[in-house]
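# Examining the three-dimensional arrangement
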Amino acid sequence: MRTFDLTPLYRSAIGFDRLAQLLNDAQRGDATPSYPPYNIELVSDDQYRIVMALAGFDRSEIDITFERDSLHIVGRKQKDATERTYLHRGIAARDFEQRFQLANHVKVTGATFDNGMLNIELVREVPEALKPRKIVIDGSDKVTALEQRQAA
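Source: prediction; values computed, not measured. (Residues numbered from 1 in each chain as written. Predicted model: local features only at pLDDT ≥ 70, side-chain atom pairs only at ≥ 80, totals over all residues. Heavy atoms only, no water.)

## Comments concerning the overall build of the chain
The following threshold applies: Here a strand is any run of E in DSSP of at least two residues, a helix any run of H or I of at least four, and the numbering for each starts at the N terminus. Note on contacts: a residue pair is in contact if any heavy atoms of the two residues lie within 4.5 Å. In short, Shrake-Rupley with a 1.4 Å probe defines the accessible areas, and a residue's cover is counted only from the protein chains shown.
Helix and strand content of the chain: 3 helices and 7 strands. Along its sequence from the N terminus, the chain presents helices and strands in the succession α-α-β-β-β-β-β-β-β-α. When contacts within the chain are restricted to residue pairs at least 6 apart in sequence, long-range pairs at least 24 apart make up 48% of them. Roughly 11,900 Å² of accessible area belongs to the chain as shown, and the carbon and sulfur atoms make up 51% of that amount.

Given below as structure tokens:
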């Protein structure tokens, strides 16, 4: 696998330390778990959906935790009381942990579990103070007026 030197990014981009760290982690080749299978959908400009196929799991066996910029999904399959003999076992139904790094201002708005499919709804809500604003050249008093208008 090719390696990339991210030193130029550190030299010329200020405040992108987290992005560079994510690139370094991805470059190291940390094996991302392939179980359970999932999709990440772009619903609209600022809405996303994670869909996970969790055949054989019950709602009580799934735990979803959202903390700052990380979404952590854990499935702990309870042991079956009856002993089974399989001729072919194609449904994995095993314990799993899946982590997703979320961008700034992305929040989890809800989750549903129906027919073995877990749907997690996400939305990006950028605060007004961080949205772009117009700066008037040579008009320092006008900048204050614009900020006051946006705050109102």
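Additional details are given in the paragraphs that follow.
## Quick notes on the layout of surface pockets
Threshold: Throughout, the protein atoms alone are placed on a 1 Å grid, and a set of points is a cavity if a 1.4 Å probe fits but cannot get out or a pocket if it is open with protein on both sides within 12 Å along at least five of seven lines; lining residues have an atom within 4 Å of a point. Grid points are joined across faces, edges and corners, and a volume is the space filled by probe spheres set on the points. When residues are grouped by polarity, Ala, Val, Leu, Ile, Met, Phe, Trp, Tyr, Cys and Pro land in nonpolar, Asp, Glu, Lys and Arg in charged, and all others, Gly among them, in polar.
If you add up the space inside the second largest pocket, you get close to 430 Å³. Lining the second largest pocket are 14 residues; nearest its centre among them are Lys77, Asp80, Tyr86, Arg89 and Ala93. Partitioned by chemical class, the residues of the lining of the second largest pocket number 3 nonpolar, 3 polar and 8 charged.

## Focus: the nonpolar core
Note the threshold: Buried Ala, Val, Leu, Ile, Met, Phe, Trp, Tyr and Cys residues that are joined via side-chain atoms within 4.5 Å together make up what is termed a nonpolar core. Residue burial is assigned from relative accessible area. The probe radius is 1.4 Å, only protein chains are included, and a residue is buried under 20% of its type maximum, exposed over 50%, and partly exposed in between.
Counting residues in hydrophobic clusters, the biggest one holds 16 residues, and the most contacted among them are Leu54, Ile73 and Leu118. Top contributing element to this core by residue count: strand 7 (residues 117–124), with 3 residues. Those residues in contact with Leu118, other than ones at most four positions away along the chain, are Ile50, Val51, Met52, Leu54, Ile62, Ile64, Ile73, Thr112 and Phe113.

## Description of the pattern of salt bridges
Side chains that differ in sign of charge can pair as their charged atoms come close. Going by this rule: Here a salt bridge means any side-chain nitrogen of Lys or Arg lying within 4 Å of a carboxyl oxygen belonging to Asp or Glu.
Applying the stated criterion across every chain yields a total of 5 salt bridges. In this structure, Arg124 engages Asp46 in a salt bridge whose closest nitrogen and oxygen atoms are separated by 3.8 Å. A residue pair is termed long-range when its members are at least 10 positions apart, and Arg124 in strand 7 and Asp46 in the loop between strand 1 (38–44) and strand 2 (47–53) qualify at 78 residues. Measuring nitrogen to oxygen at the nearest pair gives 3.4 Å for the salt bridge that ties Lys77 to Glu61. Here Glu61 lies in the loop between strand 2 and strand 3 (62–67) and Lys77 lies in the loop between strand 4 (70–75) and strand 5 (96–101), a separation of 16 residues in the sequence.

## Some thoughts on the sheet that holds strand 4
Quick reminder of the rule: Only strands that DSSP links by at least two bridges are regarded as paired with each other. The convention used is that axes are lines fitted to C-alpha atoms, helices contributing only their stretch in contact, and that angles between N-to-C directions extend from 0 to 180 degrees.
Taking strand neighbours across the sheet as the criterion, the 3 strands line up as 3-4-5 in an open arrangement whose pairing is antiparallel. In the strand order of this sheet, the two ends are held by strand 3 and strand 5, each with one partner. Here the average twist between neighbouring strands, direction ignored, is 10°.

## Points about the packing of aromatic side chains
The cut-off we apply is this: Working definition: rings of Phe, Tyr and Trp (its six-membered ring) pair if their centres are within 6.5 Å, and the pair is stacked with planes under 30 degrees apart, edge-to-face with planes over 60 apart, and tilted otherwise.
A full pass over the atoms with the stated rule returns 3 aromatic pairs. With a centroid separation of 5.1 Å and 90° between ring planes, the pair formed by Tyr38 and Phe100 is classed as edge-to-face. With Tyr38 in strand 1 and Phe100 in strand 5, this residue pair connects regions lying 62 residues apart in the sequence. Overall, Tyr38 belongs to the partly exposed group, its relative accessible area being 34%. Ring geometry for Phe57 and Phe96: centres 5.5 Å apart, planes at 80°, overall edge-to-face.

Honestly, that's just the spatial picture; any functional story needs more than this.
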